[in-house]
Structure formats: C-alpha cells, structure tokens
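Residues per chain, in single letters:
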Amino acid sequence: MTCIACTPYEKRDAWRIVAVLYLGNIYLCARDTEEKIKRKQNITEKEQRFTSWGYKFEQSVLSEKPNTQPNPNLPVNENKEFSLVFKTNLNNHIIIYGAEMDGIRCDKGPVQQPPEVEADTEVILKYLSDKEYIEVKTNRHLEFHNQGRNFRIHKTKKWWCQSFLAGVNTILCGFRNDDGVVEELKVMQVNELPKISRNFWDPNVCINFLETFLTYVKRCLEREIKYKFGQQALKNIKPLPLISLHFEWKPGEPVMVTNDYNYEDDPILPQWYVENFKLNAL
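Residues numbered from 1 in each chain as written. Predicted model: local features only at pLDDT ≥ 70, side-chain atom pairs only at ≥ 80, totals over all residues. Heavy atoms only, no water.

### Side note on the overall build of the chain
1) Next: Counting its regular elements, the chain contains eight helices and 10 strands.
2) Next: Along the first, second and third principal axes, the C-alpha atoms of the chain reach 65 × 50 × 35 Å.
3) Next: Here the chain, with 282 residues, has 34% of them falling under the buried criterion.
4) Next: Within the chain, residue pairs in contact and separated by at least 24 positions form 59% of the contacts whose partners lie at least 6 positions apart.
5) Next: Accessible surface, the chain as shown: approximately 18,400 Å² in total, 50% of it carbon and sulfur.
6) Next: Of the charged side chains in the chain, 38 are positive and 38 negative; the average position of the first set lies 5 Å away from that of the second. (Helix = DSSP H or I, 4+ residues; strand = E, 2+ residues; numbered from the N terminus. Buried < 20%, exposed > 50% of the residue type's maximum accessible area, 1.4 Å probe, protein only. Contact = heavy atoms within 4.5 Å. Areas by Shrake-Rupley, 256 points an atom, 1.4 Å probe, with all protein chains shown as cover. Lys, Arg positive; Asp, Glu negative; His and termini not counted. Charge placed at Lys NZ, Arg CZ, Asp CG, Glu CD.)

### Digging into the packing of helix H5 (residues 145–165) against helix H7 (residues 203–229)
1) Next: At their nearest, the axes of H5 and H7 sit 11 Å apart, and the two run at 60 degrees to each other. Relative to H7, H5 is oriented oblique. Crossing angle aside, the handedness with which H5 passes H7 is right-handed. Here Lys157, Trp160, Cys161, Phe164 and Leu165 of H5 come into contact with H7, specifically with Pro203, Cys206, Ile207 and Leu210.
2) Next: Taken together, the residues of the contact of H5 with H7 break down into eight nonpolar, no polar and one charged. (Axes fitted to C-alpha atoms, helices over the stretch in contact; angles between N-to-C directions. Parallel < 35°, antiparallel > 145°, perpendicular 65-115°, else oblique. Left-handed = near helix turned anticlockwise from the far one by under 90°. Nonpolar A, V, L, I, M, F, W, Y, C, P; charged D, E, K, R; others polar.)

### Considerations on the sheet that holds strand S6 (residues 133–140)
Strands in a sheet are paired, the pairing made by backbone hydrogen bonds, and the direction either parallel or antiparallel.
1) Next: Strand order in the open sheet formed by four strands is S5-S6-S7-S8, and the pairing between neighbours is mixed. Of all the strands in the sheet, just strand S5 (103–104) and strand S8 (182–189) have a single pairing partner and so form its edges.
2) Next: Sheet strands touched by H5: S6, strand S7 (170–176) and S8. Its angle to S6, the strand with the most contacts, is close to 160 degrees. (Pairing = 2+ DSSP bridges.)

### Here's the deal with the packing of aromatic side chains
1) Next: Applying the stated criterion across every chain yields a total of 12 aromatic pairs.
2) Next: Each ring, one from Phe86 and one from Tyr97, has its centre 5.7 Å from the other, and the planes form 20 degrees; the classification is stacked. Of the two residues, Phe86 sits in strand S3 (residues 83–90) while Tyr97 sits in strand S4 (residues 93–100), which places them 11 residues apart along the sequence.
3) Next: Between Phe213 and Phe247, the aromatic rings sit 5.7 Å apart at their centres with planes inclined by 75 degrees, giving edge-to-face as the arrangement. Remark: Phe247 occurs in strand S9 (residues 243–249) and Phe213 occurs in helix H7; sequence separation between them is 34 residues.
4) Next: Among the aromatic side chains, those forming a connected cluster through ring pairs are Trp15, Phe213, Tyr216, Phe247 and Trp249. (Phe/Tyr/Trp six-rings, centres within 6.5 Å; stacked < 30°, edge-to-face > 60°.)

Interpretation note: all reported values are geometric properties and have no functional meaning in isolation.
This is the structure:
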C-alpha cells in the first residue's frame, strides 16, 4: 500500500501487483519487477552493509521487554519481525492489511510486561491495542543542500505513507556517518513530515491515488467477470472460481493490466488458508 500511495511522485522504481478474487474478497500482493530481481542478484557489499546497519541500529535502541536495556552484543536476526493486522475504511473500500511494527514507546509512562505467547488471544489483543508504537529509521547526515532536498523528496514521503497507514505517530531516526556510526538521534512526528516537505509532495495526493487504484482494481475484476461469466455473475461473486489479474506500472507510463498471470505457477494464497477459508465460507 505504501508503494501504491507513493506512485504519483515516483520517478525511479516500477512495481508489479497481482490481484486475486477468491470467495468474494480481493487479495493484493506485490511481486518483484525484473529490475528489482536484477538489483537483488547484483547487490554490492556496500549496499548490503547499509541494510545491515539499519537492523543493528534497531537492536541498539530497542529492547526485548519494557524496563530492560537493549543488548546490541547479540547476533542480529534480519528475518525477525513483528507485524500487526489492521482493518480500515477508505471511502467505499474495506481494507485489511498487515504492517511491521518496530517497537513500543516506553519513555512516556510505565508499560507493563507483555503477556506470554501462550496467553489468551483477547489478553494479547488488549495489550497490543492501547500501546503507542514507534518506527525506527537510519539516514546519512544531511550536510549539503542536495542531501536535504532529496531527503524531503523521497524519504519523508515513504516514511509518512508507511507510518500513517500503520497508525504510527513517532519516528526515531539515527543519523549516521559514512562508516555506519550513528552520531545523532532525532525524534520526528509523522504529522510534521508533510509540512517540512510541502513543496515536494502532498499526502492527499498519495491517499487519493491509493483509493483510485483500489477502485480501478475492482472495475477491472468486474470487467473480467462479465467477460468470462456474464453480467448476471456480478450479482453473486462468492461462488466464482479464483480470478487473478496482473497490474504493472513504470514511471511515466499508465498502469497496465493483463490477465496473463498464471496463479498455479505462483500461488499467492497458502493452500492451508484456501482450504480453511473455503470451509468456513460454506
């Protein structure tokens, strides 16, 4: 969703998204473009080091539990993450999506120890629902005019979209030197990011584009249903077999949609989910 919302101002990175209609619900999943696959295959040691620095910084400022100190001496597990699932409305769209959360703020008041993983679901949800979350970022020192300009053009837009959609109000940014050493910490309020970048991007444009794209996906799927099953099928889409469409966008070009995506070659929904969801829907 962050990727889609940033599209009106994106001039470098293309994207691919697959939409799957199954039992009346639409699932959106990003897929790597050819360019991104090549970048991953040819990533330099320096680029990999930048990514690893970010993970290490998170470990240095976040602890496993409230009222305990971070332990940066432990090895970093870059595959470890914690996500929350949100449900929201965007005009006529009901959206359910996941977002990775970096940490919980413990500096504004006492925070209780989290419940054990084996605790009752309601207990866990209650604990998580009233916490204030924080996003942790790193960035090179902004020493020159062009660096500050690029920061306001690119970084603040992505940070705002990512944090706004996840309901995060605070970003802790560590400004580092070229050796990866963080020398300055700065707390940023998410609602301030559009103000310091007002000459470069508008949050309303981002959210409006996201809403427009979701509407476009629905219209394309409606057209596909009418073509394959007739107008009457739109009255009850739940019994229809799985339908998928492929959406692709490149900077400077319109969004392209095709039905050449082969779901069997690249299944998005896990089989256990398909079987359980179908069983519960019957």
